[in-house]
Amino acid sequence: MEENKTIAGAFSCGCGCGENTEPAEPAEPAEPAEPAEPAVQEHNGTEESEASNPDIVRAVAEKLPDEELLYDVAELFKVFGDSTRVRIICVLFESEMCVCDIAEVLNMTQSAISHQLRVLKQARLVKYRREGKTVFYSLADGHIQTIFNQAFEHIME
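Before going into details, it helps to say that this report is about the structure given with it. (Residues numbered from 1 in each chain as written. Predicted model: local features only at pLDDT ≥ 70, side-chain atom pairs only at ≥ 80, totals over all residues. Heavy atoms only, no water.)

1. A look at the pairing of strand 7 (residues 134-139)
Extensive coverage of strand 7 is indicated by the burial of five of its six residues. Note that strand 6 (residues 126-131) and strand 7 share six bridges and pair antiparallel. The partner of E131 across the bridge, within strand 7, is T134. Linkage of strand 6 to strand 7, two consecutive antiparallel strands, is achieved through a turn of two residues, within which G132 is found at a positive phi near 65°. (Buried < 20%, exposed > 50% of the residue type's maximum accessible area, 1.4 Å probe, protein only. Helix = DSSP H or I, 4+ residues; strand = E, 2+ residues; numbered from the N terminus. Pairing = 2+ DSSP bridges.)

2. With respect to the side chain of R85
Structurally, R85 can be placed in helix 3 (residues 83-94). Once residues lying within four places of it in the same chain are set aside, the contact partners of R85 are K78, V79, Q116, V119 and L120. (Contact = heavy atoms within 4.5 Å.)

3. With respect to unusual backbone geometry
With glycine set apart, most residues show a phi of negative sign, and most peptide bonds adopt trans. Phi angles above zero are rare outside glycine, and N107 is one such case at about 55°. By the secondary structure assignment, N107 is in the loop between helix 4 (99-106) and helix 5 (110-122). For N107, a relative accessible area of 72% translates into the label exposed. Notably, R124 is not glycine yet its phi reads approximately 60°, a positive angle. By relative accessible area, R124 is classed as exposed at 69%.

4. So, the state of the cysteines
The tally for this structure, following the rule as stated, stands at zero disulfides. Here C98 stays free of any disulfide, with the sulfur of C100 as its closest cysteine sulfur at 3.1 Å. (Disulfide = S-S within 2.5 Å.)

See below:
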């Protein structure tokens, strides 16, 4: 049986850092080397890895929103991650409706709709108003429709 030969070289990452761009000649398999420690330097009490474009890395890092805001955005997208909730939102684009009417349009139980509306209320995507014993739901504001219009446009590209 023939021995497997490996390529010792690598292609450049394309950032212009000067890494080898030509694959090396095949070499005989060697003993596995210990993994090299990444180049790390201390900066203001925190570890930083060497970047190929430190100015760009620093500028981008400074513009990133706070972790708490990024977490909240991720939670919002999780709410949009359920097709039933998306369908409810699409129904509410058309009209303010009560639970029984939403359930009828979507051919679902009122209990299932109520459960999803609770999640949408907690995410501040829908609001409600009472009229006697009936509760009517509607979109909380125009941002929701804007988000969905952008999503539809993106999907249809």
